[in-house]
Amino acid sequence: MSLARLTYVSDSNKLIEWSLVKEILEVAQPKNQRLGVSGILLSHGMNFLQRLEGEQQIIEELYQSILNDSRHTNLRLLEVTPISHRQFGQWSMQGFEFEQLSTDHQTHILDRYFYDKRAFYIPTDDQTCLNLIDDLKLS
Ligand SMILES: Cc1cc2nc3c(=O)[nH]c(=O)nc-3n(C[C@H](O)[C@H](O)[C@H](O)COP(=O)(O)O)c2cc1C
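Residues numbered from 1 in each chain as written. Predicted model: local features only at pLDDT ≥ 70, side-chain atom pairs only at ≥ 80, totals over all residues.

Trainee: I would appreciate a short explanation of the overall build of the protein chain in the present structure.
Mentor: Counting secondary structure elements, the protein chain contains four helices and five strands. Buried positions account for 25% of the 139 residues belonging to the protein chain. Residue pairs in contact within the protein chain that sit at least 24 positions apart in sequence constitute 74% of those at least 6 positions apart. (Helix = DSSP H or I, 4+ residues; strand = E, 2+ residues; numbered from the N terminus. Buried ≥ 20, exposed ≤ 12 C-beta atoms within 10 Å, placed from the backbone. Contact = placed C-beta atoms within 7 Å.)

Trainee: Mind showing me how you'd approach helix α1 (residues 18-35) here?
Mentor: Each turn of an α-helix holds 3.6 residues, which means side chains three or four residues apart point in the same direction. Its 18 residues place the ends of α1 25 Å apart at the C-alpha level, agreeing with the 26 Å of an ideal helix rising 1.5 Å per residue. Of all the bends in α1, the greatest, near 30°, is centred on L25. The set of residues buried in α1 consists of I24, A28 and N32. Contact partners of the buried residues in α1: β2 (38-44). (Expected span 1.5 Å × (residues − 1). Bend = angle between axes of the 7 residues up to and from the residue.)

Trainee: I tried to follow the site of the ligand on my own but got confused; where do I start?
Mentor: For the ligand, the set of nearby residues contains 16 residues, the closest of which are A28, K31, F48, D69 and R71. Broken down by secondary-structure element, the contributors of at least two residues to the shell around the ligand are α1, β3 (47-55) and α2 (56-67). Per-element accounting of the shell around the ligand gives the leading share, five residues, to α1. Counted by class, the shell around the ligand contains nine nonpolar, four polar and three charged residues. (Near = placed C-beta within 6 Å. Nonpolar A, V, L, I, M, F, W, Y, C, P; charged D, E, K, R; others polar.)

Trainee: Would you mind showing me how to read the nonpolar core here?
Mentor: The nonpolar side chains of soluble globular proteins are, as a tendency, buried together. Counting residues in each nonpolar core, the largest one holds 18 residues, and the members touching the most others are V9, I40 and L49. Every element with two or more residues in this core is listed here: β1 (3-11), α1, β2, β3 and α4 (126-134). (Core = buried A, V, L, I, M, F, W, Y, C linked by C-beta atoms within 7 Å.)

Trainee: Whenever I open this one, the environment of T7 confuses me. Can you help?
Mentor: Secondary-structure assignment places T7 in strand β1. The exposure class of T7 is buried, given the 22 C-beta atoms found within 10 Å. In this structure, the C-alpha to C-alpha distance between T7 and I40, residues 33 residues apart in sequence, is 9.6 Å. Those residues in contact with T7 that lie beyond four places of it in its chain are R51, L78, E79, L130 and I133.

Trainee: Explanation requested: unusual backbone geometry in the structure shown.
Mentor: For residues besides glycine, phi is generally negative; the peptide bonds are generally trans as well. Notably, N74 is not glycine yet its phi reads approximately 55°, a positive angle. Note that N74 resides in strand β4 (residues 73-82).

Trainee: Mind showing me how you'd approach the pairing of β3 here?
Mentor: Two faces make up the sheet, and in a regular strand the side chains alternate between them. In terms of residue burial, β3 counts as a mostly covered element, since eight of its nine residues are buried. In the sheet, β1 pairs with β3 via nine bridges, with the strands oriented antiparallel. Bridge assignment links S10 to a residue of β3, and that residue is F48. Pairing analysis gives seven bridges linking β2 to β3, with the strands arranged antiparallel. (Pairing = 2+ DSSP bridges.)

Following this line, the structure appears as C-alpha cells:
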C-alpha cells in the first residue's frame, strides 16, 4: 500500500454557498470512509481547494470522478506526492469555513495568504495554495 496525497484547486461558476459544500460532503464522507480516503475541502468565494489522502491508486481514481463533476471546472492539479502519514486522518472529508477558526487564526491565514482580503479567490500560485492547506491546523 502506498500512501499519497493529491491536492487541486478548481473554479465554480458562482459564489459557493455552504449548502453546496454540505451537499457534496453528504456523498463524499461515506464514500471516502469506504475507500479509506481522508482530507479537507476548503471553499472560498468561487474556488474549491481540496486535498485527498489515501492509497495512491484510489485517490487518483477518485480524482477522475471529481474531475467530471459539473459543479466545478478548470481543475488544476497542484501535486500528487507520497506521504508517510496523514495530515487529516481523522476526517473522511472535512468541509472548511473560515468561521470555524478562531479570530486569531483567521487573521493569521488572511494576512499570510490572502493578498486582497476582499477578493473571492483562493491565491492562485501553487506553492501558496500548498502552504495554505498545510497551515490549516484544525483543532
Ligand atoms: C469540489 C468537489 C469535491 C468533491 N469531493 C469528493 C470526495 O472527496 N469524495 C467523493 O466521493 N466525492 C467527492 N465529490 C463528488 C464526486 O464528484 C461524485 O459526485 C461522488 O463521488 C459520487 O460519485 P458516484 O455516484 O460515481 O459514486 C466532490 C465534488 C466536488 C464538486
